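Here is how the chains run, residue by residue.
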Amino acid sequence: MFTLLVFHLVLGVAVIAAGRRLGRSGFALAGLAPLATVVWALTQTDEVLDGEARVETFSWVGGLNIAIDLRLDAFALLMVALVSGVGLLICIYALGYFQPHGPGDVVKDNVGRLAGMMTLFAGAMLGVVLSDHLIALFIFWELTSITSYLLIGNDDINPRARAAALQAILITGMGGLVLLAGLIIIGQSAGTYLLSELILDPPTGAIVNTGLIFVLIGAFTKSAQAPFSSWLPGAMVAPTPVSAYLHSATMVKAGVYLVARLAPMFALSGNWRLVVLTVGSATMLIGGLRALRQHDLKLLLAYGTVSQLGFMMLLFGTGDDHIAQAGVVLLLAHAAFKAALFMVVGMVDHQVGTRDIRKLHGFGVSWRPALVAGVVGAASMAGVPPLFGFISKEKALEGYVDHGDFVGSTVILVVIVVASILTFAYSARFVLGLFGAFAEPEADDLSHVARAPSFGFVAPALLLTVVSLGVGIAPVLVDRLVKASTVALHPAAEPKHLHLWAGFTSAFMLSLVVIGAGTLLTLLRGQVSTAQRSASHALRFIPTSEQAFNFLLRAVGFTARRVTGFLQNGSLPIYVSVILMVATGVPLVAFAGAWSGFGDVVETPAHVVLVAMIMAAALGASIVRRRIAAALMLAAVGYAMAGFYVSQGAPDLALTQFAIETLSTVLFVLVLRYLPATWTHRAPAIAAPMRIAVSMFVGVAIFVFALVASGARSDVPGPQQSEAMVENSLTKGKGRNVVNVILVDFRGWDTMGEITVLLVAAVGAVSLARSGRRSDEIGAPTFEEILDPDEPDDFVDNDGPASPLVGNESSGGIS
Amino acid sequence: MNRRGAPDRVFVLDQAIKVIYQSILVLALYFVFAGHNLPGGGFVGGLMVGAAVSLRYVSGGAEAVRTTFRAPSHVVLGCGLLLSSGTALVPVLLGGAVLEHGEIEPELPVFGKVKVVSALPFDVGVLLVVVGLVLMLFAAFGDDLPIESAESTAVVNASDNESDNAGEST
């Protein structure tokens with residue numbers, strides 16, 4: 001299994017790397033990965049369907065006990081078959097879709113990249129369904145989000161594609177983070193992150209219930225449940241193979257998959273059922289209603305997918321094994337018909353150049369294979385016997401009728417019936433649209449003359465049609481897989497056989513009701529659409545999730561702009577004041593409590609002299625008018641401090657202080673010559689009294705720190721830190737100079753950090769200097785010009801290439 | 001410092017600095033090697049070299065600073081960080097703790113018995129980082145000597161507050 005994942009990764013990267021050269025044939029290469037997976041899955045079938053799970057473990061983050069635990073049980077096998085089976089067909093289909101004529105040309109350059117990215121996605125998706133470890137599952141989950149983002153935005157010069165991709169990753173990414181929090185809560189409460197162990201002993205408690213809500217939010221965003229569904233229709237800007245693969249058959253089922261895995265453990269805890277069933281119902285109904293209003297065939301399918309995903313939530317979320325079995329069937333059936341339908345839409349789009357049902361006038365005879373695929377797929381979606389979709393719908397209704405013994409199950413049953421009627425109606429709309437029932441007479445009649453898709457282009461859809469039809473007639477074909485999957489989800493389950501004809505049960509009656517009402521709705525489609533329009537007009541004050549998302553995005557942007565504008569107003573004096581006040585004021589609150597009075601004021605006479613020097617120099621620095629004089633005054637303060645160190649018997653410190661003062665004064669002067677010699681207070685951002693107040697405050701704060709910090713040492717009981725260091729210096733640090741041993745050994749990490757800071761400071765200073773010079777090159781007013789507009793500008797520009805970090809070969813004078 | 005026409009070189013200054021420069025380097029080396037047992041250390045050594053470099057700048061301008069070492073200044077800085085972090089990490093590879101120190105005492109022909117502590121390369125790394133920083137600052141903000149002693153205006157620059165970072169970091 002691990003080998004397969006690595007194979008996907010390597011192949012995907014290779015195809016991306018060779019993307020431009022491979023072009024469309026990248027899909028032929030990319031198809032190798034799903035092909036290998038399908039072959040491998042087939043070899044495992046017997047064993048896994050007998051209830052044995054294949055397990056592989058690779059240690060990953062050993063310290064956190066995170067491993068990539070892969071586990072192939074029957075349900076995972078089903079998902080693998082789905083991911084790789086559909087993936088293989090999509091690769092074949094994409095070869096036709098990206099034939100170099102028609103709208104496929106637009107993304108011609110990116111096709112190779114698309115193929116590689118789809119391989120990467122397939123690998124990530126396999127990882128999701130094979131992971132037994134929740135954290136590994138999360139990682140793969142996020143990888144599918146990222147690859148989905150890149151696939152939607154693959155046509156990177158199209159702003160709509162970029163916006164849709166961004167929306168998708170913002171919503172699913174946000175959900176992913178919430179999911180991570182939820183998974184960690186569950187994993188920590190249970191003491192295990194393995195799904196296979198969780199199901200044996202699921203954790204309970206209030207915190208777990210919170211975690212479950214988080215997990216559900218993650219699953220809802222991924223599976224486009226209300227109110228997070230807006231990204232899925234948006235994602236339809238992606239090329240049709242991507243939509244068919246990611247946004248109908250596989251990725252959007254990741255959320256359903258997770259719910260399916262967790263429902264047997266947690267369906268009865270907290271509000272799980274309430275939340276899942278409410279959200280699922282809302283999604284199923286809203287998706288169906290909106291699908292009924294679409295003119296774009298692809299969008300119709302997208303909203304249909306949203307509706308069907310809600311349906312799956314309703315089936316898997318209950319935690320009842322019989323209903324879950326219906327979910328397993330629906331998962332398969334949906335992949336078969338929805339992928340086929342998307343493929344048909346892609347063919348129409350590719351050959352005709354539009355997928356708007358108002359412009360389709362029906363197709364010529366040569367289109368029959370494609371139309372058969374479309375009609376059978378839609379019929380399966382509508383739940384018409386004897387197709388796969390009918391079996392799944394029947395099973396779902398039967399599950400709710402016979403086993404829906406929890407609160408609200410009747411309501412859910414009604415929702416399912418109503419939404420199924422809607423499903424029938426939009427399926428019919430799809431078919432009628434294909435045959436030109438909605439065509440506007442004045443629209444160009446392109447579809448009649450459009451060339452029929454080539455055989456290779458239609459073949460994948462036809463194959464899926466055969467599956468929909470074959471399994472519908474002989475459900476025994478998937479019986480074993482479905483049963484074993486149900487048992488894998490619910491170990492105690494005793495799943496029933498699948499039947500095409502189960503007798504005149506109440507489920508069958510409901511199916512008849514659905515078909516009857518759906519037909520009625522289709523016949524009355526004119527009135528229905530009028531009613532929908534007026535209803536949506538009446539409800540226009542309720543924001544759609546799309547509008548809510550955009551509003552949220554704008555609100556975030558607005559707040560960020562306001563906050564940034566307030567905090568970063570561009571005034572250096574204000575920045576410095578704020579930073580200083582916070583950096584000194586916050587600790588001052590803590591320190592002031594530890595104030596223990598003054599120590600000995602004067603220890604030796606030398607102190608008096610030194611203090612006098614420091615005070616005089618400091619005062620002088622703050623009142624002199626020339627900048628360089630002030631810098632020298634500051635240096636005098638530093639030298640006097642060094643004198644202090646000498647008088648206290650710390651030659652190391654004194655030495656360092658002297659050296660630093662010398663060097664920093666030189667560097668000060670080096671830089672100060674770029675500034676006017678004296679301070680000019682043209683428009684002080686902060687009035688002088690304010691500056692003085694800030695300075696006084698900082699001075700007082702530092703004064704208090706110094707006294708309290710040095711006094712705090714005596715509060716430490718037992719052998720003092722400094723004494724311990726002196727003792728250990730020679731024995732452990734191999735040196736007699738305690739200060740140096742502290743620097744290189746006891747506090748070696750600090751020194752490491754400090755020299756890293758030096759590096760950052762150096763790079764920062766150099767880039768600052770370079771940016772200052774760059775502004776000369778582009779002719780913008782320089783800093784000096786801003787300060788001294790009168791000064792003549794006969795400055796010689798720098799020349800010659802400079803190394804990235806140094807080298808500013810400007811001419812100028814030094815004294 | 002500038003702003004006025006300056007003669008290209010001042011002979012006495014140049015010669016004096018040549019002598020002083022070498023002496024300061026020797027002093028810096030002494031500080032580094034003695035630092036483990038006597039006052040000194042890599043940081044002080046680095047500051048000394050930095051001061052020596054500033055003397056070179058005074059006599060020869062940015063060009064003199066640039067040719068102080070064969071390697072570009074950022075390489076000096078990077079090597080220093082590499083050396084220090086390498087010294088910190090080698091013990092881990094040998095199965096010890098980060099920054100664990102060892103010592104060897106080889107007999108050298110001239111010096112006799114010399115104790116070499118593994119803290120030394122760490123200190124040398126610190127020295128190189130400090131020196132690299134100073135070199136970079138001079139290269140960034142310093143100027144070349146005027147080729148002709150013409151009146152020339154200083155290069156405009158928009159920064160004035162990072163020169164003392166070197167002093168405050170350790």
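On a predicted model such as this, the values are computed, not experimentally measured, just so you know.

(A) Structural view of the overall build of chain B. Within chain B, the secondary structure is distributed over 5 helices and 4 strands. When the helices and strands of chain B are placed in sequence order, the string is α-α-α-β-β-β-β-α-α.

(B) Summary view of the overall build of chain A. In terms of regular secondary structure, chain A is built from 33 helices and 2 strands. Expressed as a percentage of the 815 residues in chain A, the buried residues total 48%. Nonlocal contacts in chain A, meaning residues at least 24 apart in sequence, comprise 78% of its contacts between residues at least 6 apart.

(C) Seen up close, the confidence of the model for chain B. All names here are of chain B. Model confidence for chain B is summarised by a mean pLDDT of 72, while 64% of its residues fall at 70 or above. The least confident element of chain B is helix α5 (residues 165–168), whose mean pLDDT is 39; the most confident is helix α1 (residues 11–34), at 86. Across residues 1–7 the pLDDT falls below 50, and counting only partners more than four positions away or on other chains, this stretch makes 23 contacts in the model. Within the model, pLDDT remains below 50 along residues 148–170, and this stretch shows 77 contacts once partners closer than five positions in the same chain are excluded. Scored as a complex, the prediction yields pTM 0.69 and ipTM 0.74.

(D) Structural view of the packing of helix α10 (residues 206–222) of chain A against helix α13 (residues 253–266) of chain A. Residue and element names in this part refer to chain A. The geometry of α10 relative to α13 is characterised by a closest axis approach of 7 Å and an angle of 155° between their N-to-C directions. If you check the angle between α10 and α13, you find them roughly antiparallel. Here the hand of the crossing between α10 and α13 comes out left-handed. Here Leu212, Val215, Ala219, Phe220 and Lys222 of α10 lie close against α13, whose contacting residues are Ala254, Gly255, Leu258, Val259, Leu262 and Phe266. Per-class residue counts for the contact of α10 with α13 are 9 nonpolar, 1 polar and 1 charged.

(E) Structural detail: unusual backbone geometry. All names here are of chain A. In this structure, Pro227 follows Ala226 across a cis peptide bond, with omega equal to 0°. Within the element layout of this structure, Pro227 appears in the loop between α10 and α11 (231–234). Note that the residue after Pro385, namely Pro386, is joined by a cis bond; omega there is 0°. Here Pro386 shows up in the loop between α17 (368–382) and α18 (388–403).

(F) Spotlight on α1 of chain B. With 24 residues, α1 of chain B should reach 34 Å at 1.5 Å per residue; the first-to-last C-alpha distance of 35 Å fits that figure. Residues of α1 of chain B that are buried sit in contact with α2 (42–66) and α4 (119–141) of chain B.

(G) Highlighting the environment of Val208 of chain A. Residues and elements named next belong to chain A. Relative to the assigned elements, Val208 resides in helix α10. Overall, the presence of 21 C-beta atoms within 10 Å leaves Val208 in the buried class. In this structure the C-alpha to C-alpha distance between Val208 and Ala190, which are 18 residues apart in sequence, comes to 8.9 Å.

(H) A look at the environment of Ala635 of chain A. Residue and element names in this part refer to chain A. Relative to the elements of secondary structure, Ala635 occurs in helix α27 (residues 627–647). In this structure, the C-alpha to C-alpha distance between Ala635 and Thr665, residues 30 residues apart in sequence, is 6.3 Å. Dropping the residues within four chain positions of it, Ala635 is found in contact with Glu661 and Thr665.

(I) Region of the structure containing the packing of helix α16 (residues 321–352) of chain A against α17 of chain A. Residues and elements named next belong to chain A. Between α16 and α17, the shortest axis-to-axis distance is 9 Å and the interhelical angle comes to 140°. Like other packed secondary-structure pairs, α16 and α17 cross with a definite hand, here left-handed. Each of Ala333, Phe337, Ala340, Leu341, Val344 and Met347 in α16 lies in contact with α17, whose residues at this interface are Ala370, Ala373, Gly374, Gly377, Ala378, Ser380 and Met381. Looking at the contact of α16 with α17, its residues break down into 10 nonpolar, 3 polar and no charged.

(J) Broad picture of the confidence of the model for chain A. Mean pLDDT for chain A: 84, with 88% of residues reaching 70 or above. Across residues 775–815 of chain A, confidence stays below pLDDT 50; counting only partners more than four residues off in sequence or on other chains, it has 82 contacts.

(K) Quick peek at the environment of Trp679 of chain A. All names here are of chain A. Among the structural elements, Trp679 can be located in the loop between α28 (651–672) and α29 (688–712). The exposed category is assigned to Trp679, around which 11 C-beta atoms lie within 10 Å. Separated by 53 residues in sequence, Trp679 and Arg626 place their C-alpha atoms 6.7 Å apart. Discounting residues that sit within four places of it in the chain, Trp679 has contacts with Arg625 and Arg627.

Analysis parameters
- Residues numbered from 1 in each chain as written.
- Chains lettered and ligands numbered in written order.
- Predicted model: local features only at pLDDT ≥ 70, side-chain atom pairs only at ≥ 80, totals over all residues.
- Helix = DSSP H or I, 4+ residues; strand = E, 2+ residues; numbered from the N terminus.
- Buried ≥ 20, exposed ≤ 12 C-beta atoms within 10 Å, placed from the backbone.
- Contact = placed C-beta atoms within 7 Å.
- pLDDT = per-residue confidence, 0-100.
- Axes fitted to C-alpha atoms, helices over the stretch in contact; angles between N-to-C directions.
- Parallel < 35°, antiparallel > 145°, perpendicular 65-115°, else oblique.
- Left-handed = near helix turned anticlockwise from the far one by under 90°.
- Nonpolar A, V, L, I, M, F, W, Y, C, P; charged D, E, K, R; others polar.
- Expected span 1.5 Å × (residues − 1).

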